[in-house]
Amino acid sequence: MPETHLVTGGAGFVGSHLVLALLARGDRVVVLDDLSTGHAAAVPEGAVLIAGRIGDPDALARAFAHGPFASVLHFAALSLVGDSMREPYRYLAENAKNGLALIEAAVAHGVTRFVLSSTAALFGAPTTIPIPEDEPIDPGSPYGESKAWLERALIWAERIHGLRSACLRYFNAAGADPGGRLGEDHRPETHLIPLVLDAAAGRRPPLTVFGDDYPTPDGTCIRDYIHVADLAEAHLLALEALTTRSVRYNLGNGTGYSVREVIATAERVTGRRVPHTVGPRRAGDPPVLVASSRRIREELGWAPRYPELETIIAHAWAWRQAHPDGYRQPR
Ligand code: UDP
């Protein structure tokens, strides 16, 4: 039986890839997105797009009028660690307020399954690497804190209203749809792989490596890059699990790559140099974030189809080469 889902932030990078995966299995999708960072052109054909803010009761009502929804998947949020260090109260307030309004509306409309885009930023100074789910939550930034609050709020939503939830802590989402239909286009772009690729293509100034004095083998930060299509697949599995129970999963490949290793891999994949310089550290960046995804592998049978950094970068490069202006129409 096809189901209908509400996806907030479905015009964004990870959200749009999930919409594609839901449509591919025959489900119906309603996207609520204020298009402040997402793109209408990223919403796959077949989904209904409601351009509006979660904080606008009219927009929320218009979205829920398309229900009943089998689930609500919440991607829309302020999501930059660095920005959250400069504007902590905006991050805490907006992410919490919107998340709570959505949870409340989901409960009021009888929704029983809720998926939260959570984050590796829950773990500011992890003691166990790769990071398992029972690592204490101790965010290193207001962004991470805002997601920790929502994870806690969802515990109360289940206790009081029976709303089951999946909190999926993404590590570094990257890559692009292997079929070339969707890609990554943030404005402004702050993420490493798109910046590296644009530097290689000469479309941007040289990359600045944010610090090379971290306690890592080459001094640059280590992250766990996970293909966006593998993330989408994890959401589909989490939706199944939610028919019986709530879940919390860390989602990565379990392998970390330093900024310098990403640059070197991108040079191999593109056959071009990546011009770069070394600058100061970026506030809020932990030295190493690598996920243990053992729990989701064991419990749901999730296995990444594209675990190789080469493949992740190759898919991102292919989309970027085909869409040098991203989702913006060239004039
Ligand atoms: N990074 C960098 N230069 C940039 C952008 C990012 O050195 O212009 C580093 C950043 O410090 C981090 C890693 O690349 O260690 C990944 O950063 P990104 O912003 O892509 O994701 P995050 O880890 O913040 O979610």
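Refer to the structure presented above.
Residues numbered from 1 in each chain as written. Predicted model: local features only at pLDDT ≥ 70, side-chain atom pairs only at ≥ 80, totals over all residues. Heavy atoms only, no water.

Enquirer: Residue-level account of the site of the ligand, with values.
Expert: Around the ligand lies a shell of 15 residues, among which Leu192, Thr208, Phe210, Arg282 and Asp285 are the nearest. The separation between an oxygen atom of the ligand and a polar side-chain atom of Asn172 is 3.0 Å. Contact distances for the ligand include 2.8 Å between an oxygen atom and a backbone N or O atom of Phe210. Protein coverage of the free-state accessible area of the ligand, which is 520 Å², stands at 89%. When contributions to the shell around the ligand are tallied by element, the ones reaching two or more residues are α6 (192-200) and β8 (207-210). The element contributing the most residues to the shell around the ligand is β8, with 4 residues. (Near = heavy atom within 4 Å. Polar contact = N/O pair within 3.5 Å; in protein donor to acceptor, adjacent residues only side chain to side chain. Areas by Shrake-Rupley, 256 points an atom, 1.4 Å probe, with all protein chains shown as cover. Helix = DSSP H or I, 4+ residues; strand = E, 2+ residues; numbered from the N terminus.)

Enquirer: Got a sec to walk through the packing of helix α1 (residues 13-24) against helix α7 (residues 228-241)? Specific residues and values, please.
Expert: Packing of α1 against α7 leaves a shortest axis separation of 9 Å and a crossing angle of 60°. With respect to α7, the element α1 is oriented oblique. The element α1 and its partner α7 pack so that their crossing is right-handed. Here α1 contributes Phe13, Val14, His17, Leu18, Ala21 and Leu22 to the contact with α7, which in turn contributes Val228, Leu231, Ala232, His235, Leu236 and Leu239. Grouping the amino acids of the contact of α1 with α7 by side-chain chemistry returns 10 nonpolar, 2 polar and no charged. (Axes fitted to C-alpha atoms, helices over the stretch in contact; angles between N-to-C directions. Parallel < 35°, antiparallel > 145°, perpendicular 65-115°, else oblique. Left-handed = near helix turned anticlockwise from the far one by under 90°. Contact = heavy atoms within 4.5 Å. Nonpolar A, V, L, I, M, F, W, Y, C, P; charged D, E, K, R; others polar.)

Enquirer: Describe the sheet that holds strand β5 (residues 113-119), and please don't skip the residues or the numbers.
Expert: Across the sheet, 7 strands lie side by side as β3-β2-β1-β4-β5-β6-β11; this open sheet has parallel pairing. Lying at the two open borders of the sheet, with one neighbouring strand each, are β3 (48-51) and β11 (247-251). Averaged over neighbouring strand pairs, the angle between their axes works out to 15° when direction is ignored. Taken together, the 5 bridges between strand β6 (residues 164-170) and β11 define a ladder with parallel strand orientation. Looking at the pairing, Tyr170 lines up with Leu251 of β11. Sitting on the sheet, α7 is in contact with β1 (4-8), β4 (71-74), β5, β6 and β11, with an inclination near 160° to β6. (Pairing = 2+ DSSP bridges.)

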